[in-house]
Every structure is written in C-alpha cells, then in structure tokens.
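Summary of the model geometry
Listed below, chain by chain, are the residues.
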Amino acid sequence: MAVPTLHTADTGTDAAVSPTYGVVAVVAPYGTGKHYRDEILACGAGCVAVTPSDRLLPPMYRGSLDPSGYTGVVVHDGDLTATADALQALGVTAVVAGTEIGVPLAETLANRLDLPGNDPQTSDLRRNKAAMAAALLAAGIDAPRSLSTDSLREALAWADLQPDGEFVLKPVDSAGSDGVRFCSSPAEIRAAWQHLHQVPNAMGGSNERLVLQERLRGTQYVVNSVSGPSPSGFTRHAVTEIWADHRTGLLYDRLDLLPVSGLIPLMLSRYTTSVLDVLGVSTGPAHTELMFVPRRGPVLIETGARPEGSYDPAAMREATGSDHVRDAVYATLTGRPARVAARRPQRFVTKVSLVAPHDGTLDKRLLQTLLTLPTVCGHVGALTPGAPVVRTVDLLTSPGRLTLASDSADAITASHATIRALEAKGLYVVGTSQ
C-alpha cells in the first residue's frame, strides 16, 4: 500500500487544529503500536502516523500501515528537520514509539519539538542489550555479564575467561527471540556466530555486532510499566502488569498474569523501577523481561521503551479493564502514569503462544474448536482456515497467540492442555490440503 507523505502544504487548516488533548504522533505504528490510533482518538486527541519509507522498513512491516483515521501520515526519509517541521505543522503535542524500530526516532523527534520524551543522547541504552547490561553493572545493579563485539576471536577469548560455560549469543537490537542462540562450547559459539553475524535481523538491523552473555537460569517474568515526570521534576514509574513467562528453550508457551501483591512481584517491581531509572526511561511505556535467578534475585534480560508486543488489546481490556496501550495513552495525555483499569475482581488471564512443529496450513475443524474454547477472549495472528504456517522457532514464527480469561484457574489450565492437544492432533496440516 502506498502511504502518502504529508507536507505542510498538504495539511490544510483543519488538520493542524488540536482536539481536546492535542495531537499524538505514533512513530512506527506497527504490531501492537497500530492500536495506539483508536485509543488516542477515543480519548479525544488527534493521531498522526510517522513511518520510515518502505525501503527502510523491516520486511515484516512493509505495506502494512492502514492510513485511515490518522490526522496525517508522515514518511520519514532521513531528514529530521523536514519530519519535525511536518509534525509541527500538524499540531503534534506528544510523540510515542509504536514498536521497537521507532524508539530512537520518536525520542529524537520529541526532543526536536521540545516535547516530553526520553533523552535521545541515551537511546542506545534502550536498544542495545549489551549497553543496557553495562549501564546497570556500572550503577551497582545486577545484570548479565556481557560482551558486544564484531569479532568472533574476541567473543571466544571472552567466553574462555567466564566462570560458567553457558552463554547466549544474540543481535544487539532485535526482538521476539530473533537470532537468539544458546551455546555451551567454543564450537557452538562459532557455529552460532557464523549463522548470525552480518545477517539482517527481524527489526532491520545488520548484526554487524553481536552480544555474548552469560546464560541466566531461573524463572522468567515480564514487567510492563508507564512513566512520566512528577510536578517536582522527578520521574514516576507505574508498574501496570507482571507476567510469569513460561518457555521451553526459545519457544514461548504461556504468560500468566500475576497479582501485584506478594514478595516476588514486589521485588520485580522495585528492581524494574531501578532499571528504568538507569536506562533513562522517563516518559512513556516500557516492556521489561527479567530472570529471577535462585540465590541471586532479579536480573535484566532486556527492556524496550515501547508497549508490549503480540497481544490483543481488546481482549485484555475485556479481561482486566485495561492494557499496556491504554495505560500508555493515559500517561501520555495526562502526564500521570498509572494503570487505568476499573476496580474489579481479579480474573485469571493467560496468553498462550501457538507452536507449529512443521510448515503447513490451519485445519478448519480443529481451528474452530480452538477459537471457541470458553476461556478464549481474543487472539493475534492470521488464524483462519487454510492459512499457511511455518515451523515455530521463536515468537516471530508462532502462528498466533491466544488470550484466555476466566474466574477459574482450573479452566485456564484445562484450556491450555486442550490447545496443546489440538496442535498434536493435526491443527497444522502438512501441505495445503484440508
């Protein structure tokens, strides 16, 4: 789909008029970021899309922008002055990143327009996994031992000096477990390096440099948050969701929403807010992945200064009253970071990632059974009969993710078992026949 570039002369008088809450620019409104538009409009604000040109977008996002509903669509071709001028002409009063690739540009544009945002001089801390770890360790906060390098020889020499023999090799700036490789010997590091080095990653990076880290073992968690400045100038962080993240290797299984009370959630919240301070997250949403390591405590895996990816906002709102995008919009428009869900009894909520063991297509009958399970309240992914699937190796290759909600934990457990049974019984048909 061709996306128009709106210059100042194209906007007209009405386009620059600010609604009640002004106009919010969403940079790279892809993935979960596409849901910003409807929530912003529902709150009485205007919404502008900012997107790199198709030639600069990662293949997974090309041609996917729906321009309807936006006050304007600005295509950024690398000229920051021109893009900032276009946003100013459109009356933009806030800038947010819709997805990972939009983080540096959103921060730079907010700074150019003198709007709230994270410091663009420290954007690398919020994109580069090795830089994150180094900043935390320098601040006295636990983080994985890490090396960022463009040299296999240096990576092997560093690994040889580490006390443990288990490592993770990955891109410095991708997402969704793209390119993550577990290694426990020099031969495995060498093989993984040859597979990843200088190969384009899913977020459009070139993998010129890779990160080698100690492999953390424990229980994985996800902490979503929103941040904003207090009247006195200090940053306030509101932890809005904590999820227990269950995986098998690189395969995502399920995420279970946790109550915010309790010792572990409290420890995770305190650690996360310290991480956000060190990484310079002062405004907007953040999505943080942690490992709770026995006898060590929470240790950062990575933080993204954007909303959580791969979930259905409408389903989350139905189940809990809010979601990460709604909380982020509220913080952006009001300056008050908080979870905006109405008070209601805690429900059990789980997100289940589908796992295809091979390429194929979706079976009509079994898919219908899957989508009509009583706990299923929404999903992401092209879950239609006959839709093609590829063998799942990470989150980005999963056929989809289901949101389950119930007043009964047993019902969630039963549905999870049924989902895996349907996959085993032939949900994914080999070939194209049904």
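The paragraphs below set out a description of the structure included in this document. (Residues numbered from 1 in each chain as written. Predicted model: local features only at pLDDT ≥ 70, side-chain atom pairs only at ≥ 80, totals over all residues. Heavy atoms only, no water.)

Comments concerning the overall build of the protein chain
Defined as follows: Helix numbering and strand numbering both begin at the N terminus, where a helix is a DSSP run of H or I of at least 4 residues and a strand a DSSP run of E of at least 2. Only C-alpha atoms enter the radius of gyration, while the globule expectation follows 2.2 Å times N to the 0.38, with N the number of residues. The buried label applies to any residue whose accessible area, calculated with a 1.4 Å probe on protein chains only, is under 20% of its type's maximum; exposed applies above 50%, and partly exposed to all values in between. Whether two residues are in contact is decided by their heavy atoms: any pair within 4.5 Å suffices. Only the protein chains shown count as cover for residues, and all accessible areas are computed by the Shrake-Rupley method using a 1.4 Å probe. Working convention for charge: Lys and Arg count positive, Asp and Glu count negative, and His plus the chain ends are omitted. Think of each charge as sitting on NZ of Lys, CZ of Arg, CG of Asp or CD of Glu.
Secondary structure assignment for the protein chain yields twelve helices and 19 strands. For 434 residues, the compact-globule estimate of 2.2 N^0.38 gives 22 Å, and the C-alpha radius of gyration of the protein chain, at 22 Å, lies within 12% of that figure. Counting across all 434 residues of the protein chain, residues that qualify as buried make up 54%. Long-range contacts, defined as pairs at least 24 residues apart, comprise 67% of the intrachain contacts of the protein chain with a sequence gap of at least 6. Approximately 18500 Å² of the protein chain is accessible, and the part contributed by carbon and sulfur atoms is 53%. Both charge centroids of the protein chain, one from 37 positive and one from 43 negative side chains, sit 5 Å from each other.

Focus on the sheet that holds strand β4 (residues 94-97)
Short version of the rule: Pairing between strands is defined by DSSP: at least two bridges between the two strands are required. Every axis corresponds to a line fitted to the C-alpha atoms, with the helix fit spanning only the stretch in contact, and the corresponding angles, defined between N-to-C directions, vary from 0 to 180 degrees.
The strand order across the open sheet formed by four strands is β3-β2-β1-β4, and the pairing between neighbours is parallel. If you trace the sheet from one side to the other, it starts and ends with β3 (72-76) and β4, each paired once. Mean inter-strand twist for the sheet, computed between neighbouring axes without regard to direction, equals 25°. Here strand β1 (residues 23-27) pairs with strand β2 (residues 46-52) via five bridges, running parallel. Its bridge partner being in β2, A25 is matched across the sheet by V48. Running at roughly 170° to β3, helix α3 (residues 80-89) makes contact with β1, β2 and β3 of the sheet. Of the strands in this sheet, β1, β2, β3 and β4 touch helix α4 (residues 103-112), which is tilted by about 170° from β4.

So, the packing of helix α6 (residues 152-160) against helix α7 (residues 186-196)
Put simply, the test is: Working rule for angles: under 35 degrees goes down as roughly parallel, over 145 as roughly antiparallel, 65 to 115 as roughly perpendicular, anything else as oblique. With the far helix as reference, a near helix turned anticlockwise by less than a right angle produces a left-handed crossing, and one turned clockwise produces a right-handed crossing. Throughout, the ten residues Ala, Val, Leu, Ile, Met, Phe, Trp, Tyr, Cys and Pro are labelled nonpolar, Asp, Glu, Lys and Arg are labelled charged, and all others, Gly among them, are labelled polar.
Where α6 meets α7, the axes come as close as 10 Å, and the angle between the chain directions of the two elements is 150°. One finds that α6 runs roughly antiparallel with respect to α7. Classified by chirality, the crossing of α7 by α6 is right-handed. On the side of α6, the interface is formed by L152, A155, L156 and A159, while α7 contributes P186, I189, R190 and W193. For the contact of α6 with α7, a count of residues per class yields seven nonpolar, no polar and one charged.

So, the sheet that holds strand β19 (residues 428-429)
Pairing within the open sheet is antiparallel, and its three strands lie in the order β17-β15-β19. Here the strands that pair on one side only, and so sit at the sheet edges, are β17 (388-389) and β19. Direction of pairing for strand β15 (residues 360-362) relative to β17: antiparallel, over a ladder of two bridges. Looking at the pairing, T361 lines up with P388 of β17.

Thoughts on the nonpolar core
One recurring pattern in soluble globular proteins is that nonpolar side chains are buried together. Going by this rule: By nonpolar core we mean a set of buried residues, namely Ala, Val, Leu, Ile, Met, Phe, Trp, Tyr and Cys, connected to one another through side-chain atoms within 4.5 Å.
One finds Y36, I40, W243 and V349 to be the most contacted residues of the largest nonpolar core, which totals 35 residues. Per-element accounting of this core gives the leading share, five residues, to helix α10 (residues 324-334). Membership of the second largest hydrophobic core comes to 21 residues, among which are A25, V50, A106 and L113.

Here we look at the packing of aromatic side chains
Basically, it comes down to this: Working definition: a ring pair exists when centres of Phe, Tyr or Trp rings (six-membered ring for Trp) sit within 6.5 Å. Plane angles under 30 degrees give stacked, over 60 give edge-to-face, the rest tilted. Working rule: Lys NZ or Arg CZ, within 6 Å of ring centre, within 35 degrees of ring normal, means a charge sits over the ring.
Under the criterion given, the structure shown has two aromatic pairs. Aromatic pair Y30 and Y61: ring centres 5.1 Å apart, planes at 20°, arrangement stacked. Of this pair, Y30 sits in the loop between β1 and α2 (36-42) while Y61 sits in the loop between β2 and β3, and the two are 31 residues apart along the sequence. Each of the two residues, Y30 as well as Y61, counts as buried. Directly above the ring of Y70 sits R37, whose terminal nitrogen or CZ lies 5.3 Å from the centroid. In this arrangement the basic side chain of R215 is found over the ring face of F182, its NZ or CZ atom lying 3.7 Å from the centre.

By themselves, these observations are geometric and do not establish any function.
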